[in-house]
Each structure stands twice: as structure tokens, then as C-alpha cells.
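Fold and contact review
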Amino acid sequence: MVQAQATRQITYIHAVNEAIHQLMEEDSKIIVMGEDIAGAAGRADQGFVDAWGGPLRLTKGLIQKFGEERVRDTPISEAGFIGAGVGAAAAGLRPLVDMMYVGFYGVCADQITNNAAKIHYMFGGKVNVPITIMTNIGAGVNSAAQHSESLYSIFAHFPGLKCVVPSDPYTAKGLYISALRDNDPVIIFNHKMLMGLRAGPEVPERMYEVPIGKANVSRKGSDITLTGVGYMTQICLQAAEELASLGYSAEVIDLLSVSPMDDETILESVKKTRKIVIVDEDYPRCSFASDVSALVAEQAFDYLDAPPTRVTPPHSSVPYSTVLEPLFIPSKEKVVAAAIAVLE
Amino acid sequence: MTTITSELTSEKALWMFETMITIRRFEEQARREADSGRLRGLHSSIGQEAVPTGVCAHLRDDDYVLGTHRSHHHCIAKGVDIREMMAELFGKATGTNKGKGGTMHIADINKGMLGANGVVGSNIPVATGVALAAKVQGKDSVSVVFFGDGAANQGSLHESMNLASIWKLPVLFVCENNRYAESTPVEYAVAGTSVANRAEGYAMPGVTVDGQSALDMYEVAGEAVARARAGEGPTLIEAQTYRYMGHFGADDPLSYRTPEEEQYYKDRDCVDRMKAYLLETGTATQEDLDAIDKEAVEAVAAAVKFAEESPFPSPEELTTDVYVSYR
């Protein structure tokens, strides 16, 4: 059995899909809604069922197993169906709602920031909104400015929302399970470059939770701290490998949760290594990276041998061209260069 | 006078009068409190009492109502305790929302009042989701969302009507057309001549009703609630009504409308017409009605006393209830 588990390297998509299947079996209050979440809606009589299984195939097979009542294709109508998810959550369900790309938040932000985030507080704690929103983030496939953003910093700005960013199949499954069992609104940001990834710890077939609000030390080290989130954690791990070949011991912290942020794990690492490079694919202004930098500057200043350094995209929209897009994205080379500048 | 439906018992008719007079006395007192500087930012519902009263007469505690920035009348019609409402207006710990919501966010889930909402049109998708929850869970409860003629132009209404129609959700979209979105007249802002007509595009019934008549409201809402409970889907109701006060405390409505227009609607006052109905049908005597009115005045006075004597929230309430749990 141990042997079999050790070889269980499944993709991110597989891990998420498995989590949702298990969650829906566990709790009949979970429903799933979104555009093309199954696909070919209403055409079962013509033999068309589950045509897509979600834009990223994360929800494949759900409609056959759980039926049309709980697995709902929606019109392209984010304000309508995300708002409906908020209402359904307030009235007793646990909806998992797909916002196809995070850039689409613009047409439904009111439902997320004015309703999902605030209902529990402004109603005096008497109504819970256990909605989970999942969305696709990240650059890297020439999708240009509106389909390549990360934007979790915007949502972390709002009290009342929890924001998690898995970095591999293992954390994806565990965070989905935690999010859908959580009583607060949670947004899960799925990075498109991770979808086919099989790296990281093996994914147990059983259900398990990765706690929301807890960072993970992905690689132990003593000379410098690299923090990553989502796909950037993979970049940090690659950079740490290269730094090791140059004789430096880098510690990699996978932040996993943007809100709540795990201050303690970051500070503990920095107090040990005395140097930090913060890697983030979200826009640099008023961002999660700025928050981590401020945390370290304010609470670990006396421990630092060098100022906190950020590796982020420039203050620019995401370009389309294959020549320009790589210049936007933080890469292993940029992280290594930044780390060496700090180390030397 | 409206022909009475056979279903309207004298008990229900009296409840409707009692509800409307309570709303009016509550709102009059709230206005006085605002004028004296003890409260801020009120949107008065005086003149519109019949709309939620006629609808809520058909609702149970497990049916949900969602409202707007102008929602005191929705709350009272749905049975929310006026002492807790007044305490909420005063920002007290005993308020419906522990003093954290105020006039624009009053909610009481035990009474099925799932909240007023300060953003125009924002609650319409939420109400649609509440109806979805009822359907998925196999309940026969219904969801009612009240909104104004201003919200009739928000995309959220159109998206929600479409969704509710394709999924046959048990929801009532009730537009309180009080003729003004803040200061902007409905004939300027709403294309076409009717909000109700917009239902046709979403394949649901759209009904226009005299919102100054509690009996007409009762009749129309009864059909819509029955349709929803039977799984036949949503209805759009356009209740033509009038707000007697300005949009909020400090604006002068005569800066955008005539006294003659105001008088036209006041001559068709919903409370007066309900009184006339009860007297003409012999359901109540003038003394009975006076006694109900007096009770409403006393209940409102008791609510103010309760609010005055209640404690303010403790400072730690600032950061409680942001989350159910946070790390």
C-alpha cells in the first residue's frame, strides 16, 4: 500500500476534480455553478452531456454523478450567478461557483465585495455566507491583458474574504476541501500554468485538509528566504535549486493563503536567514508583495542584513506577444539574480 | 374600491391595517429622531406601506424577503421586532444587527428578513440564489426581493430575471415604482412606459398594480406566491406607489416635483384607503381603528425607550464578525 501511495502523482486538474467529487458525496448542500461547468446544457436528449466539464476540466464527470439540480451550467451572467451563489449560501447551501477568469470580476465585483464579504459583519454575525469561488489566474499562454491577471491582492484587501492560492496538486486538493468546509466566503485562485503539473507531494486518495491561513516551508534553507505564492512557488523552488548549485542555501516559503496571511512563518524564516526575496505575479502596486515587504520591514527590521526585495511584474498590463510576455512574468532567472544581489 | 378576494379574512385585513399604521408611525418617529439629530441617513418609506404589506400577508417565517436602502417597511411587514429595529437605528448592541448595520442593512434571519441592502439592485441576484436554495433543497418556500424603479435599470435585475426564468425559481421580483430614483423621474430614466413589460422578454408574467392599494397588492401577490410555491417560476410585479418624503432626510422633494403631484398621491393614501375598506365592510369600527393606531404609537414609543436604554456595542465589536473564523 505504501508503495502504491508513493507513486500517486496526479495532475492538479485531477486532484481538484477528485476533491470536488469527494466533497459533493460528503455534503449534499454543495452545488456547483458556472459557465460550461458541464457543457451542452439541456441537450442530454441529443446525447450531449458534460461536453466540457468546466473550462479547465476541473468539474468533469460531476453532472453524471450528481445531476442537473446540483451541477448547474449558467448563462454568461456573472453578476447573476455569483450573486445567486451568495444568496444560496446565506439560505443554507454551500455553493462552489466558477468565475472563469479572475479578470471577469469586473462585471460581478458588487456581489463579491459588497455582499459575500460584508453580509456576515453588517448583519451582526447572524448570517453566514459559505460560498467558494474558484477562478483561473496567471500569465504564460499568450492570453493577453484580460485573461492573464492574478489579482488576488484586490480580494485580500476586503475584510470578510479569504483568498487561497494552491501551488501544486497536493495543496490544491487540500485547500479545496478546507474551503468548501469553511463557513466564510473563500476564493480559490487556480494558476493556469499549474494545471498539468504532477510535481510536489503525492496526493492521497483520501480526503485531507490543507489549512487556510497557514504557509508551508517547501524547502529548508539558511542563507536567504524566498516567498512564493501559487505558480511563483514553483519558480522559487527552481531558483533555490540553482542557488544551491552556486553554494547558497535558500529557504522557500509557499504562502498558500493570501488572506489570512501567515505572518509568523514568514517572520520566523526571515529572523533565521536575515534576507528575503518576495516573488509575486500580481501587479506590484498596493499588492500582496508590498504587504509581505511591509510586514518584514516593520516587524523584523533589526534582523535584516539587506532591505526586503520584491520580484514582480512591472506596473503594466499583461502583453500578448511571445516576446513581451516572458518579460512580464517573474522567472527563475530574475529570482536568482535578485537573490544573488541580496546575498552579495 | 377593489373587489375583495374571498381569501382575505377579516383577521388578515386587520393585520394589514395594523402593519401599515405601525410602519407609518415608526417612520414618522424615525424622521423626528433624525430631525433632532439622534439618527442619520434615513430613507423614509412613508407612502409605500401597502406594497410589502400586501405581499407579506402571504408569507411564512421560512419565506425570505430582501430589500433595499429604503426597507423599514419591508422589515416591519415581515415581522421584525420594531424595538430591535429602533435600537439598530440608534446603533445599539440590542439592535437586529448588533448596531453594525444600521438603517440600510437591517436583517433578521429568524423572521426571514435576509437584509436590506444599500447598493441599488445588489440584492436581486442574492434573492434569486435564495430561491435556488429552496428549489435545490426541495422546499416550497419563496423568496421576495423588493427594489425601486432605479434598480429596474440595473443589469443585476435583468441577469436575475433571466436566471430565475430558465431555472423556474420561486422568486417574486417586486418593483416599488415610486416615480423617482433619488431626484430622477421614472419617465426620464426608464425606457418604454413600463417596468412590468420587461418581464415579457424573460418569459415570465409581468403585472402592474396599484401599489397604493393594499388589497390590490394582496390580490396580485397571492397569485405570484402561489405560482412560485407550485414550482411554476418567477413573477415580476410593478407596484405603482409614491414616496411622500424626499430620497433621504435633507433633500427637498419640491425641488424636483410639484405640490399638485404630491397631493394626487396623498389623496390615494394607502392607510386611508385600508381604513375606508375596513369601515365600509363593517370589519372594524372607527373606535377599533383608533385603538389599533394608538397601540402602534405606543409600541413605537416603547421601541424608542428600549433603544435609548440599550447599551452601545463594546469596542471589541469593531473587529468581531468580520469572519466566522480567521486562522
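This is a predicted model, so every value here is computed, not measured.

This paragraph deals with the domain arrangement of chain A. Residues and elements named next belong to chain A. Assigned domains within chain A: domain 1 (9-194) and domain 2 (216-343). Spacing between the C-alpha centres of domain 1 and domain 2 amounts to 28 Å. With 28 residues of domain 1 at the interface, the matching set in domain 2 holds 26 residues. Surface buried jointly by domain 1 and domain 2 totals about 2000 Å² across both partners, of which 57% is contributed by carbon and sulfur atoms. Broken down residue by residue, the surface that domain 1 buries against domain 2 is led by Asn142, Tyr152 and Ser167, which jointly contribute 26%. For the interface between domain 1 and domain 2, the tally reads zero salt bridges. There are 18 residue pairs in polar contact (both at pLDDT 80 or more) connecting domain 1 and domain 2. Listed by contribution, the elements that provide at least two residues to the side of domain 1 that touches domain 2 are helix 7 (152-156), strand 5 (162-164) and helix 8 (169-181). Grouping the amino acids of the side of domain 1 that touches domain 2 by side-chain chemistry returns 15 nonpolar, ten polar and three charged.

Turning to the sheet that holds strand 2 (residues 143-148) of chain B, a few remarks are in order. Residue and element names in this part refer to chain B. Read from one edge to the other, the open sheet built from five strands follows the order 1-2-3-7-6, with strand pairing classed as parallel. Each edge of the open sheet carries a strand with a single partner, namely strand 1 (64-66) and strand 6 (206-210). The average undirected angle you get between the axes of adjacent strands in this sheet is 20 degrees. Pairing analysis gives six bridges linking strand 2 to strand 3 (residues 171-177), with the strands arranged parallel. Bridging from a neighbouring strand, valine 144 pairs with leucine 172 of strand 3. Against the sheet, helix 5 (residues 123-136) makes contact with strand 1, strand 2 and strand 3, and its axis sits at roughly 170 degrees relative to strand 2, the strand it touches most. Set on the sheet, helix 8 (residues 214-229) makes contact with strand 3, strand 6 and strand 7 (235-240); between it and strand 7 the angle comes to about 170 degrees.

Reading guide: rules and limits
Residues numbered from 1 in each chain as written. Chains lettered and ligands numbered in written order. Predicted model: local features only at pLDDT ≥ 70, side-chain atom pairs only at ≥ 80, totals over all residues. Heavy atoms only, no water. Domains from an automatic or database assignment. Contact = heavy atoms within 4.5 Å. Buried area = accessible area lost by both parts, 1.4 Å probe. Salt bridge = Lys/Arg side-chain N within 4 Å of Asp/Glu carboxyl O. Polar contact = N/O pair within 3.5 Å; in protein donor to acceptor, adjacent residues only side chain to side chain. Helix = DSSP H or I, 4+ residues; strand = E, 2+ residues; numbered from the N terminus. Nonpolar A, V, L, I, M, F, W, Y, C, P; charged D, E, K, R; others polar. Pairing = 2+ DSSP bridges. Axes fitted to C-alpha atoms, helices over the stretch in contact; angles between N-to-C directions.

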